[in-house]
Amino acid sequence: MPAQTREQFFAPGGGAATLGNVTKLKRLSYFAAVFLSAASPGFANELSGTWLRDTGEARVRFDSCGDAMCGTIIWLKPGIASKAKIGQRVFYDMKPAGANSWIGKAIGPDSGSVYSGKLSVQGSNLSTSGCIAGGLICRSMDWTRAP
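This one's a predicted model, so the numbers in the text were calculated from it and none came from an experiment.

Asker: Which residues make up the nonpolar core, and what are the values?
Answerer: Counting residues in hydrophobic clusters, the biggest one holds 20 residues, and the most contacted among them are Leu47, Phe62, Phe91, Leu119 and Leu126. For this core, the secondary structure elements donating two or more residues are β2 (58-65), β3 (68-76), β4 (89-96), β5 (101-107), β6 (114-122) and β8 (137-145). Once residues lying within four places of it in the same chain are set aside, the contact partners of Leu47 are Phe62, Met69, Trp102, Leu119, Val121, Leu126 and Arg145.

Asker: So what's going on with the pairing of β5? Which residues, and what values?
Answerer: As paired elements, β4 and β5 share 4 bridges and run antiparallel to each other. What sits directly across from Tyr92, in β5, is Lys105. Counting the residues that bridge the hairpin from β4 to β5 gives 4 residues, and of these Gly98 lies at a positive phi of roughly 125°. Across 7 bridges, the pairing between β5 and β6 is antiparallel. Bridging across to β6, Trp102 finds its partner in Leu119. Linkage of β5 to β6, two consecutive antiparallel strands, is achieved through a turn of 6 residues, within which Gly112 is found at a positive phi near 80°.

Asker: Describe in detail the pattern of salt bridges, supporting the description with residues and values.
Answerer: Counting across every chain of the model gives 3 salt bridges. Where Lys95 meets Asp67, a salt bridge forms, and the shortest distance between an N and an O atom there is 3.7 Å. In this pair, Lys95 sits in strand β4 while Asp67 sits in the loop between β2 and β3, placing the two residues 28 residues apart along the sequence. Here Lys95 ties to Asp93 by a salt bridge, and the two come within 3.7 Å at their closest N and O atoms. What makes Lys95 partly exposed here is its relative accessible area of 32%.

Asker: Explain the environment of Trp51 to me, and be specific about the residues and the numbers.
Answerer: With respect to the helices and strands, Trp51 occurs in strand β1 (residues 49-53). Separated by 20 residues in sequence, Trp51 and Gly71 have C-alpha atoms that sit 9.4 Å apart. A distance of 3.0 Å separates the side chain of Trp51 from the backbone oxygen of Leu47, its partner in a polar contact.

Asker: Outline the layout of surface pockets, supporting the account with residue identities and numerical values.
Answerer: The calculated volume of the largest pocket comes to roughly 400 Å³. Lining the largest pocket are 27 residues, with Arg53, Ile107, Pro109, Arg139 and Met141 sitting closest to its centre. No other element matches the 4 residues that β8 contributes to the lining of the largest pocket. For the lining of the largest pocket, the residue count by class is 15 nonpolar, 7 polar and 5 charged.

Asker: Let's hear about the sheet that holds β3: which residues, and what values?
Answerer: Note on sheets: strands pair through backbone hydrogen bonds, and any given pair is parallel or antiparallel. One closed barrel holds the 8 strands; their spatial order is β1-β2-β3-β4-β5-β6-β7-β8, and the pairing between them is antiparallel. The sheet shows a mean angle of 30° between the axes of neighbouring strands, taken without regard to direction. For β6 and strand β7 (residues 125-132), the ladder comprises 7 bridges, and the chain directions are antiparallel. Bridge pairing in β7 places Gln122 opposite Asn125.

Asker: Help me get a handle on unusual backbone geometry, residues and values and all.
Answerer: The backbone phi angle of Asp93 is positive, close to 55°, even though this residue is not glycine. With respect to the element layout, Asp93 can be found in strand β4. According to the relative accessible area criterion, Asp93 is partly exposed, its value standing at 37%. The residue Asn100 is not glycine, and still its phi comes out positive at about 60°. Mapped onto the elements of the fold, Asn100 is located in the loop between β4 and β5.

Conventions used here
- Residue indices follow the written sequence of each chain, beginning from 1 at its first position.
- pLDDT decides what is reported in this predicted model: residues at 70 or higher carry local features, side-chain atom pairs at 80 or more are listed and counted, and totals for whole chains, interfaces and linings draw on all residues regardless.
- The side-chain figures draw on all heavy atoms in the structure; neither hydrogens nor water molecules are used.
- Here, nonpolar core refers to any group of buried Ala, Val, Leu, Ile, Met, Phe, Trp, Tyr and Cys residues whose side-chain atoms link them within 4.5 Å.
- Using a 1.4 Å probe on the protein chains alone, a residue whose accessible area is under 20% of its type maximum counts as buried, one over 50% counts as exposed, and one in between counts as partly exposed.
- Under the DSSP-based scheme used, a helix requires at least four consecutive residues in state H or I and a strand at least two consecutive residues in state E, with every element numbered from the N terminus.
- Contacts were defined at the residue level, with two residues in contact if any of their heavy atoms lie within 4.5 Å.
- Strands were regarded as paired on the criterion that DSSP finds at least two bridges between them.
- Only one rule defines a salt bridge in this text: a Lys or Arg side-chain nitrogen within 4 Å of an Asp or Glu carboxyl oxygen.
- Throughout this description, a polar contact denotes any pair of N or O atoms lying within 3.5 Å of each other; where both atoms belong to protein, one of them has to be capable of donating a hydrogen while the other can accept it, and for residues adjacent in sequence the pair is counted only when both atoms sit in side chains.
- A cavity here means a set of points on a 1 Å grid, drawn over the protein atoms and nothing else, where a 1.4 Å probe fits but cannot get out; a pocket is an open set with protein on both sides within 12 Å along at least five of seven lines, and a residue lines either one if it has an atom within 4 Å of a point.
- Grid points are joined across faces, edges and corners, and a volume is the space filled by probe spheres set on the points.
- Residues are grouped as follows: Ala, Val, Leu, Ile, Met, Phe, Trp, Tyr, Cys and Pro are nonpolar; Asp, Glu, Lys and Arg are charged; all remaining types, including Gly, are polar.
- Here an angle of 0 to 180 degrees is reported between the N-to-C directions of two axes, which are lines fitted to C-alpha atoms, with helices fitted over the stretch in contact.

All quantities given are derived from atomic positions and should not be read as evidence of function.
Have a look at this one:
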């Protein structure tokens, strides 16, 4: 089959060869879209689920919220002295920042301070850290994946 010129390819009714090229391009585009959409949630799946704080005082559930991940308190140990509330979102706008890591915002439930937050997952361990005041005041916590 002879090669088509640019004018023949883009001309209306360019023929069966043009239709075949367009069909191949569509198939390639669909494959790329499916591949990329399947690859993105992989990052989220590492973080998705319920995590228990190392002190045993709280559980946070991470789920997708729009194009990011958010963490909401779903359980608090009875009798702890805290302003934290079940249903309170404490991590939000967490977006992938590399393999098994995210950056976004975290809220200190007791103070209400908003931190620039970082999360990283290694197996069944989650490390969270956040800073305010340009990095002068920082805090970190460790979590394990809850069954």
